[in-house]
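Given next are the chains, with one letter for each unit.
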Amino acid sequence: MSKFDKGALFLGLAFLLFAILVVFVWVPLDTESGLLQKVRRRWLIGDALAPSVAGLMIAVGACAQIFEGVTGAQRRQCAGQHIPTPAGGLTSANLGFALCALLVLLASFQIMRWFGPAAVALLGEQFGIEASYRALRDTVPWKYLGYVAGGFVLILASVVAVERRLSLRALLLAILAPLVIAMLYDLPFDDLLLPPNGDL
Amino acid sequence: MGYWDHVWLGIVAVFTANPVFEIFGLPIGTTLVMVAAGFALGIVVGATPGLAGPMAMAIALPILISIFGVRESALLPVLGFLIGIMKGATLGGAVPAILFNTPGTPDAMLTAYDGYPLAQRGLARKALKTAHFASASGDTFSDLVLFSSAPVLAIAVERFLDLPEKTGLIILSLSFIAALVGRSPAKGLISAGLGLLVAYVGKGEDFYPRLSFGQEALNDGFPIVTVVLGVLILGEAFKSMEALIRGGPEASTQAKIAEATDNRFGFAELRACWRYIRTSAVIGTAIGALPGIGSTLAATLGYAAGRRDWARRNPGKPGFGTGRIEGVAATEAANSAVSGANLIPVLSLGIPGNAAAVFLILAMESIGGFNPGPSVFKLHGGVTGEVANPELVVVFGIFAAMMLANLLNWSCGGLFMRWVGVLVHVPKQLLLPVVLLLTLTAIYVQLTSLTAIYMTLGFGLLGYVMRRLDMSVLPFVIAFILARNLEDTARQAFAATGGDALFLLHSPLALAFTLTAGLVVVLAIRRARMADHEPLDRGH
Amino acid sequence: MHTHTQRTGLPALVANLALVLVLGASAPALAEWKPAGPIKLIIAFTAGGGADTIARATAEEIENRKGWSILPEQVTGKGGLNAALALIKEPADGTAIAMVVSETLAYNNVAAGNPVELDQFTPLTTVAGFQMGIVAKAEKGWTSFADVIAAAQAGEVIRFGTMSAKLSDLSYLLGAANGVEFNTVQVRGGKGVLDGVQAGDLDLGFMAGLQTKGVAAGDLVNLATALSNPLVQTPDAPSMADFGVDFDADGYFMFIAPAGLSDEARSALTGAIIAAVSDTSTRAGGVIAKSFGGAQTIHGEALETMLLEQESSSEELLDAVSE
């Protein structure tokens, strides 16, 4: 087995590159004052110093990581503990999972955001309501619509993804859990806003 | 007002302030009820694989803030509840480790080494009783050390440390956390550096919010809850979800094992375990007092020390790992002794040592009126005044709440713990999505903006990737929390010394802190390189 | 000089009757203003602090009195400018207001290069003023700011704590006017100054009301007032003008709304806030009375004038410092 640990080495190189970008590109271009600035005839620490120190810390870590990669230290350490090799533990399958999870979550929250206003726009007239959703965001039942709909999608999608089938249990949970959480916050507390009602 | 007046006010604040109800004319204070409720919840949560103390603290905090508001009278009930969870979860963590060989936390992993074999021999109750006794002992010892040393340390810091030394001390703590928390000091440094970087987005002195790419949502940086909950809670939830999706849904059946006849934990058992509990309590307390080195290492070291000691004294007999109550005792005493001592750096320096401490600091920051650090230990400006220092009263309130939790632990913790063991255990795939929705809702309720939710999801992704890369997330979170303090103190030290760029090197103490910080990092990296020559003793 | 002539007899009766009729008839037209939905209250201060408490308690009291629904929300940072920027994006129909400090729209805005303009807002009312003093620990032995200058002139290095850029400017000018240089240390919030002074990290500093207890107990001393008026607690303390600085640190907590608010909405909101904070038997009024020596409600044109004055004096202050 070669001493060389490619995964660890690449990880170190990636972070070294990132740190260099932080210190020499991002921080100088995206801060107003420099490392130090002269104010009222005195030198003071500017806004760029602290993030540069953070970048330096990442760079030191990255160099050590490269060093550990070259000597294969991490792999040996893990071999001694029956733990799978950590570096390079991020596979494309992992990234695929993360992407899917994010998409499901984002979709749930978009539904949460727009379900209520859409319902008011479509059904408001039938119920004889002229007000906008904004004016109704503290009124039952309108204020719960988006939250319960978005929560339903979130929970149902997650459970189905694991169980690989649609069960009655999953459906019940997806309907009841958002309702219970909504009640938990909304009934006892007057001032609290459930999502998405603070964004209006 | 004197020291003891503050102690008394703190005790009164916990036991009788804002009474919820009365028993025989004795008012029962809100905080008292909250500590008890938190403790009970903590045991349940600790005993539920897939949940853990910090996760419960994270979810409870926004709800608690909704209940009690952000006024000063909210501090003790909220902190009391969180402390209750922290202590309860430590105890509860032993339950699934012993009964099902599924430790909920890494600390409890070593408990399973001896606890599960005992359970298989029908001695589950004996193992649970041992775990309870050891845990309560370690916890109480650690709290006593906290009560006596935190004020002394704080006063020393206040008296001997000027702004440059304070800056040096924060750098030292950071390097400690970065180099020693995870398996790899290199990744620890990267993790801590990322935490600092994220904390510095938006939050500068200039009007333009630095590092924000001109995004208005970042005008005041990333809200602390989005970062902490995203990386700690969502990251873990993503990882567990993935494991579930790949591994299929969790089965919840357990084989029944007939109980053995002798399930007592009596004087004989106490005598057998006492020396291991003693050693482990000291190890756990010492480790807990150092910022960043959590209960897992404490449990590991306590177990390892106990195992060596037992083997030396009982040559030839089957040792730890074969189902010895001494093994359970050594682990549980060590990991429980961490929680009290962990508050030493929190209260006296404002530096969190582990995830539980992070949430206590988060509570203090969210509610306001209590800024942990040396100044809280002042008797009203150091001079006898008429008025009490409200922050010192809170400190003693916290101590009283901890003692209260210990009393609960000794009196009914063991019973409750064994009772929780028979609770049905909810399949993880049903628990996780609900926890996720609850956490995100809690964040929204506090920040009232979907942007905050999206930020949290982003940090959840970061936490997930870091976990996959075996990069410890704790240095990230702790560095994030310390970042502002570090920059502020450095700015102030620089200004106060009239622009001395070498302020870190000009006083002996500041120089010592800075050099030690560098040394810690260098030694940790060297040790990692030598790892194969001298393998770490990690039990198995 | 005007003298009121008392009308008597029939003409008076007719006049009074007419007044009653006019008022009575117009009452339905003047139906009390009500917000079109819940009111968003943007709070520019961190949760849990004194200012946040005032904002939330005031909101609570208005809800109790008026039956309106008020939903508080935190938008912190950049001396209140983040909150101001958030407010101008809200509708100007009385369903969005913010609590900031007067410095937000004056010094902080000018120093940041005017990200907002005064005419983008409808100021409602101030609720409380700062009791800003220059404070040191009693054990320092200083009794007046003159002692500080003497110490600095004798060569002592003096660390002067401040909590905003404006106060840092003032500390610089105080030194410059007296031929000394202070090491100005800007910390976060009045609590930061208080802790720094008590820990000995700072020699003296500006405090806006937190010093009250310590001064009363004799641990702290108000060396000077930083206001244009004497301090309530230490009326004899010299002013900054006595030391050659013609600026002041007057400042107020105040409520604002976006520009274009109707007069009815403005007067209804202003009236509701003033009623809530002026009553010392309520929580809002109580907190203000305890920490700030009572409500100060400057509103209407007086407030607009004050803001304009503060804006121009901020420009002068920035000029004076950059010289």
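Keep in mind it's a predicted model, so treat the numbers as computed, not measured. (Residues numbered from 1 in each chain as written. Chains lettered and ligands numbered in written order. Predicted model: local features only at pLDDT ≥ 70, side-chain atom pairs only at ≥ 80, totals over all residues.)

**Q** Quick rundown of the overall build of chain A? Include the residues and the values.
**A** Summing up its helical and strand segments, chain A has seven helices and two strands in all. The linear arrangement of helices and strands in chain A, starting from the amino end, is α-β-β-α-α-α-α-α-α. Relative to the globule expectation of 16 Å for 200 residues, the C-alpha radius of gyration of chain A, 26 Å, shows a markedly less compact shape. Counting only C-alpha atoms, chain A reaches 70 × 60 × 30 Å along its principal axes. Evaluated residue by residue, chain A yields a buried proportion of 40% over its 200 residues. In chain A, of all internal contacts separated by at least 6 residues, the share reaching a separation of at least 24 is 63%. (Helix = DSSP H or I, 4+ residues; strand = E, 2+ residues; numbered from the N terminus. Rg over C-alpha atoms; globule rule 2.2 N^0.38 Å. Buried ≥ 20, exposed ≤ 12 C-beta atoms within 10 Å, placed from the backbone. Contact = placed C-beta atoms within 7 Å.)

**Q** Any details on the interface of chain A and chain C? Residues and values, ideally.
**A** Chain A puts eight residues into the contact, and the matching count from chain C is twelve residues. A breakdown of the residues in the side of chain A that touches chain C according to their chemical character gives two nonpolar, one polar and five charged. (Nonpolar A, V, L, I, M, F, W, Y, C, P; charged D, E, K, R; others polar.)

**Q** I'd love a proper account of the sheet that holds strand S4 (residues 121–129) of chain C, names of residues and values included.
**A** Residue and element names in this part refer to chain C. The strand order across the open sheet formed by five strands is S2-S1-S3-S10-S4, and the pairing between neighbours is mixed. At either end of the open sheet lies a strand with only one pairing partner, and these are strand S2 (70–74) and S4. For this sheet, the mean angle separating the axes of adjacent strands, direction not counted, is 25°. Pairing of strand S1 (residues 39–43) with strand S3 (residues 96–101), which is carried by four bridges, proceeds in the parallel orientation. Within S3, the position partnered with Ile43 by the bridge is Met99. On top of the sheet, helix H4 (residues 102–111) reaches S3, S4 and strand S10 (252–258); it is set at about 60° to S3, its chief contact. Contacting S3, S4 and S10, helix H9 (residues 263–278) crosses the sheet at an angle of about 10° to S4. (Pairing = 2+ DSSP bridges. Axes fitted to C-alpha atoms, helices over the stretch in contact; angles between N-to-C directions.)

**Q** Could you give an account of the interface of chain A and chain B, naming the residues involved and the relevant values?
**A** Taken residue by residue, the interface counts 65 residues in chain A and 61 residues in chain B. Elements represented by at least two residues in the side of chain A that touches chain B include exactly helix H1 (6–29), strand S2 (42–45), helix H2 (49–71), helix H3 (73–79), helix H4 (92–123), helix H6 (142–163) and helix H7 (168–186) of chain A. Tallying contributions element by element places H2 of chain A first for the side of chain A that touches chain B, with 13 residues. Considering only residue class, the side of chain A that touches chain B consists of 41 nonpolar, 15 polar and nine charged.

**Q** Explain the nonpolar core to me, using residue names and the numbers behind them.
**A** Leu82, Ile98, Phe359, Ala401 and Val477 of chain B together with Leu223 of chain C are the most contacted members of the largest nonpolar core, which has 353 residues in total. Excluding its chain neighbours within four sequence positions, the residues that come into contact with Phe359 of chain B are Pro54, Met57, Ala58, Leu61 and Leu82 of chain B. (Core = buried A, V, L, I, M, F, W, Y, C linked by C-beta atoms within 7 Å.)

**Q** Describe in detail the pairing of strand S9 (residues 220–225) of chain C, supporting the description with residues and values.
**A** Consecutive side chains along a regular strand alternate between the two faces of the sheet. All names here are of chain C. Counted residue by residue, S9 has six buried out of six residues, so it is predominantly covered. Summarising the sheet, strand S5 (residues 133–137) and S9 pair through five bridges and their orientation is antiparallel. Opposite Ile134, over in S9, you have Ala224 as the bridge partner.

**Q** Could you give an account of helix H10 (residues 224–247) of chain B, naming the residues involved and the relevant values?
**A** Residues and elements named next belong to chain B. Over its 24 residues, H10 runs 34 Å from end to end, which matches the ideal 34 Å to within 8%, given 1.5 Å per residue. The sharpest bend along H10 reaches about 40° and sits at Gly230. Within H10, 18 of the 24 residues are buried, which leaves the element mostly enclosed by the surrounding structure. (Expected span 1.5 Å × (residues − 1). Bend = angle between axes of the 7 residues up to and from the residue.)

**Q** Go over the domain arrangement of chain A with me, naming the residues and quoting the values.
**A** Entries for chain A in the domain assignment read domain 1 (6–79) and domain 2 (92–186). Taking only C-alpha atoms, the centre of domain 1 of chain A and the centre of domain 2 of chain A are 41 Å apart. (Domains from an automatic or database assignment.)

**Q** Please give an account of the environment of Glu332 of chain B that cites residues and values.
**A** All names here are of chain B. With respect to the secondary-structure elements, Glu332 resides in helix H13 (residues 325–341). Classification of Glu332 by C-beta neighbours within 10 Å gives buried; the count is 40. Note: C-alpha distance between Glu332 and Pro117 (215 residues apart in sequence) is 16 Å. Not counting the four nearest positions on each side in its chain, Glu332 is found in contact with Ala94, Thr111, Ala131, Ala134, Ser135 and Gly138.

**Q** Just give me the short version of the sheet that holds strand S8 (residues 204–207) of chain C, but keep the residues and values in it.
**A** Across a sheet, strands are paired by hydrogen bonds formed along the backbone, either parallel or antiparallel in direction. Residues and elements named next belong to chain C. Spatially, the five strands line up as an open sheet ordered S7-S6-S8-S5-S9, and their pairing is mixed. The sheet is open, and its two borders are formed by strand S7 (183–186) and S9, each paired with just one other strand. On average, adjacent strands in this sheet sit at an angle of 30° to one another, irrespective of strand direction. In the sheet, strand S6 (residues 159–162) pairs with S8 via two bridges, with the strands oriented parallel. Pairing of Gly161 across the sheet is with Gly205, part of S8. Strands in contact with helix H7 (residues 189–199) are S5, S6 and S8; relative to S8, the strand with the most contacts, it is inclined by about 155°.

**Q** Help me get a handle on the packing of helix H6 (residues 109–120) of chain B against H13 of chain B, residues and values and all.
**A** Residue and element names in this part refer to chain B. Contact geometry for H6 and H13: axes closest at 8 Å, N-to-C directions at 150°. When the axis of H6 is compared with that of H13, the two are roughly antiparallel. The two elements H6 and H13 meet at a crossing, and its hand is left-handed. Within the contact between the two elements, H6 uses Leu110, Thr111, Tyr113, Asp114, Gly115 and Leu118 and H13 uses Ile325, Gly327, Val328, Thr331 and Glu332. Split by residue class, the contact of H6 with H13 holds five nonpolar, four polar and two charged. (Parallel < 35°, antiparallel > 145°, perpendicular 65-115°, else oblique. Left-handed = near helix turned anticlockwise from the far one by under 90°.)

**Q** If you had to explain the pairing of S3 of chain C to someone new, which residues and values would you point to?
**A** Residue and element names in this part refer to chain C. Burial analysis of S3 places six of its six residues in the buried class, which makes it a mostly covered element. Where S3 and S10 come together, four bridges link them in antiparallel fashion. Along S10, the bridge assignment pairs Val100 with Met254.

**Q** Tell me what's going on with unusual backbone geometry, and back it up with residues and numbers.
**A** Residue and element names in this part refer to chain A. Residues Val140 and Pro141 are joined by a peptide bond in cis, for which omega reads -5°. A cis amide bond links Pro195 to the next residue, Pro196, at an omega of 0°. Inspection of the secondary structure puts Pro196 in the segment after H7. Positioned with a positive phi, Arg41 is a non-glycine residue whose angle comes to about 60°. Position of Arg41 relative to the elements: it lies in the loop between strand S1 (36–39) and S2.

**Q** With reference to specific residues and values, describe the environment of Arg113 of chain A.
**A** Structurally, Arg113 of chain A is set in helix H4. Placed 32 residues apart in sequence, Arg113 of chain A and Leu145 of chain A show a C-alpha to C-alpha distance of 9.7 Å. In this view, Arg113 of chain A contacts Gly146, Pro196 and Asp199 of chain A together with Leu450 of chain B; residues no more than four positions away in its chain are not counted.

**Q** Residue-level account of the packing of H10 of chain B against helix H17 (residues 428–447) of chain B, with values.
**A** In a packed pair of helices, the relevant descriptors are the angle between the two axes and the axis-to-axis distance. All names here are of chain B. Between H10 and H17, the least distance of the axes is 10 Å, while the angle of their chain directions is 165°. One element, H10, and the other, H17, form an angle in the roughly antiparallel class. Once H10 is placed against H17, the crossing between them reads as left-handed. Counted together, Val225, Thr226, Leu229, Ile233, Ala237, Ser240, Met241 and Leu244 of H10 and Lys428, Gln429, Leu432, Val435, Leu436, Thr439, Ile443 and Gln446 of H17 form the full contact between these two elements. By residue class, the composition of the contact of H10 with H17 is ten nonpolar, five polar and one charged.

**Q** Give me the lowdown on the confidence of the model for chain B, citing residues and values where you can.
**A** Residue and element names in this part refer to chain B. In this model, chain B carries a mean pLDDT of 86, and residues with pLDDT of at least 70 account for 93%. Confidence drops under a pLDDT of 50 for residues 532–540, and excluding neighbours within four residues, the segment shows twelve contacts in the predicted structure. This complex was scored by the predictor with a pTM of 0.87 and an ipTM of 0.92. (pLDDT = per-residue confidence, 0-100.)

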